[in-house]
Amino acid sequence: VLSNNVCGSFGSWTRVVYDPGAYWTDSGSSLQGKCLRYRYTVSDRVGNAETFTPSAIAKVDTTPPFVGTAQIYGNGKFYSKGTSTWYNGIVSLFAQAYDVESGIVSCKYVVIGRALQPASYDGTNCKAESISLTGDVSVFFKATNNVGELSGTSSGAPISLTNDPT
């Protein structure tokens, strides 16, 4: 089982195909969240056989990371009431993020309508600390897992911030 990019122990070998021909593909939903290692045996026509066990392990994670709703925190100038948040200048934001199989490798935050910006990851949350914003904006986070899958925009709801410079 694949958990936080670490494979558990392997059981005994199981034959998955006999004489696959030119090539063979192992696929299916039952592989999700698993670590796979393969060995193959090559035989000639007179019965001589040799078994090869490559050192590579396949880690299967086809599920993008989860990213929660962006939230504001810290000592910046902001005020929140219900679902409304007003800010003035510099703010810090965070959103919970996880990928139970391959783990999170990086985070970014997005001010809607602008480019992705780097964010940190502390093992639990994506964080954008002391960022300077201007105008009324909506911000959300994206995370990338160790196999390169990027979370979708819908996995983390944006926080809408209203600029209040006075």
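Everything numeric in this text was worked out from a predicted model, so none of it was measured.

Undergrad: Sorry if this is basic, but what is going on with the overall build of the protein chain here?
TA: Across its full length, the protein chain carries zero helices and 16 strands. In terms of overall dimensions, the protein chain is more spread out than a globule: its C-alpha atoms have a radius of gyration of 23 Å, far above the 15 Å expected for 166 residues. In terms of its C-alpha atoms, the protein chain occupies a principal-axis envelope of roughly 90 × 25 × 25 Å. Relative to its full complement of 166 residues, the protein chain shows a buried share of 29%. Contacts spanning at least 24 positions in sequence make up 65% of the contacts within the protein chain whose residues lie at least 6 apart. Element-wise, carbon and sulfur atoms account for 51% of the exposed surface of the protein chain, whose accessible area totals about 10500 Å².

Undergrad: I tried to follow the state of the cysteines on my own but got confused; where do I start?
TA: Two cysteines, two sulfur atoms, one covalent bond between them: this is a disulfide. Under the criterion given, the structure shown has two disulfides. Disulfide pairing places C7 opposite C35 at an S-S distance of 2.0 Å. Looking along the S-S bond of the C7-C35 disulfide, the torsion reads about -90°, which is the left-handed sense. Note that C7 is positioned in strand β2 (residues 6–7) and C35 in strand β3 (residues 35–36), a separation of 28 residues in sequence. With a relative accessible area of 9%, C35 lands in the buried category. Disulfide partners in the protein chain, listed by the sequence order of the bonded cysteines, are 1-2, 3-4.

Undergrad: Help me understand the packing of aromatic side chains in this model?
TA: To describe a pair of aromatic rings, you give the distance between the ring centres and the angle between the ring planes. Under the counting rule described, the total for this entry stands at five aromatic pairs. Taking the centre distance of 5.3 Å and the plane angle of 25° together, the rings of Y40 and F52 count as stacked. Note that Y40 is positioned in strand β4 (residues 40–43) and F52 in strand β5 (residues 49–52), a separation of twelve residues in sequence. Since its relative accessible area comes to 32%, F52 is described here as partly exposed.

About the criteria used
- Residues numbered from 1 in each chain as written.
- Predicted model: local features only at pLDDT ≥ 70, side-chain atom pairs only at ≥ 80, totals over all residues.
- Heavy atoms only, no water.
- Helix = DSSP H or I, 4+ residues; strand = E, 2+ residues; numbered from the N terminus.
- Rg over C-alpha atoms; globule rule 2.2 N^0.38 Å.
- Buried < 20%, exposed > 50% of the residue type's maximum accessible area, 1.4 Å probe, protein only.
- Contact = heavy atoms within 4.5 Å.
- Areas by Shrake-Rupley, 256 points an atom, 1.4 Å probe, with all protein chains shown as cover.
- Disulfide = S-S within 2.5 Å.
- Phe/Tyr/Trp six-rings, centres within 6.5 Å; stacked < 30°, edge-to-face > 60°.

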